[in-house]
Amino acid sequence: MESQIPSRRPRLVIVPFPLQGHISPMLELGTVLLSKGFSITIAHTVLNAPNPSNHPDFFFLPISGYLSGHDTTAANLKALGKAINTNCEAPFFKSLARMMEENKSLDQVVCIIYDVLMYFAEAVAKSMKLPSIIFRNVSALAVLALDTIPWLRAEGYLPCQVSMLQDPVPSLHPVRFKDLPIYNMGSLDDLVKLAIDSRPIRSSSAIIWNTIDHLGHSSLEQLHQLYNVPFFSIGPLHKMAQATSTSLLIEDTDCIEWLDKQAPLSVLYISLGSLATVDKKGLAEMAWGLASSGQPFLWVVRSGSVRDSESPELLPEDFKEKIGERGQIVKWAPQKEVLAHGAVGGFWSHCGWNSILESICEGVPLICMPYFGDQNVNARYLCHVWKIGLELEHELERVQIEKVVKRLMTEKEGAEMRRRTDDLFDPDTSSENLSAPVHDINRTSKEPFRECLT
Ligand code: UDP
């Protein structure tokens, strides 16, 4: 329930996609906008609903669309997105209309801000004659890569021969054909359609991007020219709304006590985010590679993250004995706190956008093992442009793992990457940059988002 918020503040309705990596930044956006004088409603699916008790100042509006039989595994994402956008429009319209009717004398809804994947919210905004704004929590580099796919197809580059997979994509250096989302996300036709559908920004008034200002700036500029709507480049939101608890899973905070006992910059943190999975063989290679690296590590082995395994004991026999106190394994970590801890000196990551922003903000260089979607493009930039990551191919072998861990954690190369990571994010300049766009939104609050409206 909502606490005592002064009435007559413009109300924003925020509509996140029900995945951890999408919910967190939108809750953080809500926290930032609340502090700028808006009232916040979070309209969410019943599936993966955020915990209202972590956000007593928000009003939570469940959307009761039928999603039975759907889960939030990576394999089901396309079907889930389709089901949400088909089944949630009418229930959202109804519950929003009821909320507005019941609160008639209080805060007036002035705008709907929705995750780009929740495009049914735009249709509702349109029919209620409300302005809407898209929120994107993805690197502009990856969106530009997706946007290039129809052109690559028209020019005959796609579909491409296997022999071309390592070749650079024209105009997207250092991205290779194998890094395009096409090779791990559905058919070429689907991708071309997705790229074209997400290009004209329908009737929404603006796009908010969660990013670090100078990361992928030129891609953002190019997209801005293509889309021709105002862009608000803000973020990193997790730094602007630091006290916000956004986790859907219970965080194992005991690992912080263990980190307290480790030497500065000695620990490798390993997490593949909320969706990526490994097979049992890959997991065993990871385990033995970590064991032979000799490096302390904190490893998130999420429940459900190991394919083809029914057994509750996922890790190889003898592994825990072998590593003793040198390694900690948890089901879910307080990741931002972990990355900010002085003992953590490296992050083995799947290169999800949140994980990248969180790592860069704490000056932690990465081992990059991307899986799908935007992650391959992100990894290319981390390793070949910003030079703060080491690439790890998927055919995991313990010897390579041991080598890459040592390169990052103990060798000069790793120390240099750590220095470069530190230089990438300057909290002082960033907070100056951050205040501008949010201020713009706030400034127009008497006639909300007037400048964005067409
Ligand atoms: N995360 C966490 N604890 C974990 C693993 C991940 O809190 O043990 C959080 C992490 O901080 C990040 C999000 O889950 O904010 C993962 O988002 P990301 O974009 O990196 O990857 P995705 O899960 O969307 O693939």
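Residues numbered from 1 in each chain as written. Predicted model: local features only at pLDDT ≥ 70, side-chain atom pairs only at ≥ 80, totals over all residues.

Caption draft 1: How the structure looks around the environment of Asn 51. Among the secondary structure elements, Asn 51 is positioned in the loop between β2 (39-45) and β3 (59-63). The class for Asn 51 is exposed, based on 12 C-beta atoms found within 10 Å. Along the backbone, Asn 51 and Ala 340 are 289 residues apart, and their C-alpha atoms lie at a distance of 24 Å. (Helix = DSSP H or I, 4+ residues; strand = E, 2+ residues; numbered from the N terminus. Buried ≥ 20, exposed ≤ 12 C-beta atoms within 10 Å, placed from the backbone.)

Caption draft 2: The nonpolar core, seen in detail. Core analysis: the largest hydrophobic core is formed by 115 residues, its most contacted members being Ile 14, Ala 121 and Cys 368. Looking at this core, the element that brings in the most residues is helix α5 (residues 140-154), giving nine residues. Excluding residues that lie within four positions of it along the chain, Ile 14 makes contacts with Met 26, Leu 29, Gly 30, Ile 40, Thr 41, Ile 42, Ala 43 and Ile 113. (Core = buried A, V, L, I, M, F, W, Y, C linked by C-beta atoms within 7 Å. Contact = placed C-beta atoms within 7 Å.)

Caption draft 3: Representation of the site of the ligand in the model. What surrounds the ligand is a group of 19 residues, the closest being Gly 21, Gly 273, Gln 335, Gly 352 and Ser 355. If you list the elements that add at least two residues to the shell around the ligand, you get α1 (20-35), α12 (335-340) and α13 (353-361). Sorting elements by how many residues they give to the shell around the ligand places α13 first, with four residues. (Near = placed C-beta within 6 Å.)

Caption draft 4: Quick peek at the confidence of the model for the protein chain. The pLDDT averaged across the protein chain works out to 87; a share of 89% of its residues lies at or above 70. Below a pLDDT of 50 lies the segment residues 430-454, which in the model reaches 37 contacts outside its immediate sequence neighbourhood of four places, other chains included. Here the predicted complex carries an ipTM of 1.00, next to a pTM of 0.91. (pLDDT = per-residue confidence, 0-100.)

Caption draft 5: Quick look at the sheet that holds strand β6 (residues 206-210). Reading across the sheet, the seven strands line up as β3-β2-β1-β4-β5-β6-β7 and stay open at both edges, with parallel pairing between neighbours. Sheet topology places β3 and β7 (231-234) at the edges, where each strand pairs with a single neighbour. Taken over all neighbouring pairs, the strand axes of this sheet differ in orientation by 25° on average, direction set aside. Of the pairings in the sheet, the one linking β6 to β7 comprises four bridges and is parallel in character. Among the inter-strand pairings, Asn 210 is bridged to a residue of β7, identified as Ile 234. Together, β1 (11-15), β4 (109-115) and β5 (132-136) form the strand contacts of helix α4 (residues 120-127), whose direction differs from that of β4 by roughly 160°. (Pairing = 2+ DSSP bridges. Axes fitted to C-alpha atoms, helices over the stretch in contact; angles between N-to-C directions.)

Caption draft 6: Looking closely at the environment of Leu 12. Looking at the element boundaries, Leu 12 is found in strand β1. We classify Leu 12 as buried; it has 26 C-beta atoms within 10 Å. Excluding anything up to four places from it in sequence, Leu 12 contacts Leu 33, Phe 38, Ile 40, Val 110, Cys 111 and Ile 113.

Caption draft 7: Seen up close, the pairing of β4. With five of seven residues buried, β4 lies mostly within the body of the structure. Summarising the sheet, β4 and β5 pair through four bridges and their orientation is parallel. Opposite Tyr 114, over in β5, you have Ile 134 as the bridge partner. Running through α4, the crossover from β4 to the neighbouring parallel element β5 is right-handed. (Right-handed = clockwise from strand over helix to strand, strands pointing away.)

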